[in-house]
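The primary structure of each chain is shown beneath.
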Amino acid sequence: GKAANVARVAATLGARSVLIHPLGGESGDLVARLLAADGVVQEVVRDDDAPTRTCTTLLSGVATELVEEAPAVSAETLSALRARALARLGDAAVLCLCG
């Protein structure tokens with residue numbers, strides 16, 4: 001998603017950053033592994049009741065995007081994300097909210 005791409009670019013440019021994001025299910029595990037392989041530091045809030053959706057882009061002269069439906073993120077997960085972000089704000093020079 002958008003936040004993961006921002007974190008990837010920051011890591012590529014050598015910036016010190018932390019991606020705080022919700023992930024769920026096997027697809028969430030895959031996202032976490034791929035981001036870690038790209039050098040992205042993460043704080044993951046697990047929500048296995050809301051598996052991370054995947055989107056696929058088909059290119060054959062025209063781009064067609066296949067977007068999975070995703071369940072809503074729970075209030076508990078949103079609260080945990082907010083708490084983690086607030087805990088890090090004191091050390092942050094920039095906060096980027098994406099989604």
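Residues numbered from 1 in each chain as written. Predicted model: local features only at pLDDT ≥ 70, side-chain atom pairs only at ≥ 80, totals over all residues. Heavy atoms only, no water.

1. Examining the overall build of the protein
Stage number 1. What the protein contains, in helices and strands, is 3 helices and 4 strands.
Stage number 2. Put simply, the protein runs from its N terminus to its C terminus through helices and strands in the order α-β-α-β-β-β-α.
Stage number 3. Once the C-alpha set of the protein is aligned to its principal axes, its extents read approximately 45 × 35 × 20 Å.
Stage number 4. With 99 residues in all, the protein has 20% of them scored as buried.
Stage number 5. In the protein, the proportion of contacts linking residues at least 24 apart, taken out of those at least 6 apart, comes to 48%.
Stage number 6. As displayed, the protein has an accessible area near 7100 Å², and 56% of this comes from carbon and sulfur atoms.
Stage number 7. Mean positive and mean negative side-chain charge positions of the protein (9 and 12 charges, respectively) differ by 8 Å. (Helix = DSSP H or I, 4+ residues; strand = E, 2+ residues; numbered from the N terminus. Buried < 20%, exposed > 50% of the residue type's maximum accessible area, 1.4 Å probe, protein only. Contact = heavy atoms within 4.5 Å. Areas by Shrake-Rupley, 256 points an atom, 1.4 Å probe, with all protein chains shown as cover. Lys, Arg positive; Asp, Glu negative; His and termini not counted. Charge placed at Lys NZ, Arg CZ, Asp CG, Glu CD.)

2. Some words on the nonpolar core
Stage number 1. Residues A4, A7, L19, L35 and V40 constitute the largest nonpolar core, which totals 5 residues.
Stage number 2. Once residues within four sequence positions are removed from consideration, L19 is found in contact with A3, A4, A7, L35, V40, V41, Q42 and E43. (Core = buried A, V, L, I, M, F, W, Y, C linked by side-chain atoms within 4.5 Å.)

3. Examining the confidence of the model for the protein
Stage number 1. Taken over all residues, the pLDDT of the protein has a mean of 92, while the share at 70 or more is 100%.
Stage number 2. Here helix α1 (residues 2-12) stands out as the element of the protein with the lowest mean pLDDT, 92, in contrast to strand β2 (residues 42-46), whose mean of 96 is the highest. (pLDDT = per-residue confidence, 0-100.)

4. What about a nonpolar patch on the surface?
Stage number 1. A grouping of L86, L89, L95 and L97 is seen on the molecular surface, where their side chains present a nonpolar patch of about 410 Å² in accessible area.
Stage number 2. Among the structural elements, L89 can be located in the segment after α3 (75-88). (Patch = residues over 30% accessible without salt bridge, like charges linked within 9 Å, V, L, I, M, F, W, Y side chains within 5 Å. Salt bridge = Lys/Arg side-chain N within 4 Å of Asp/Glu carboxyl O.)

5. What about helix α2 (residues 25-37)?
Stage number 1. For α2, spanning 13 residues, the distance from its first C-alpha to its last is 19 Å, which sits close to the expected 18 Å at 1.5 Å a residue.
Stage number 2. Every buried residue of α2 is accounted for by G25, S27, G28, A32 and L35. One face of α2 carries all of its buried residues, which in axial projection span an arc of 140°. α2 presents E26, R33 and A37 as exposed residues on the side facing more than 90 degrees away from its buried surface.
Stage number 3. Once α2 finishes, G39 follows within two positions and takes phi at roughly 85°, a positive value. (Expected span 1.5 Å × (residues − 1). Arc of directions from axis to C-beta.)

6. Section: the environment of L19
Stage number 1. Looking at the element boundaries, L19 is found in strand β1 (residues 19-23).
Stage number 2. The spacing of L19 and A7 is 12 residues in sequence and 6.1 Å in space, taken between C-alpha atoms.

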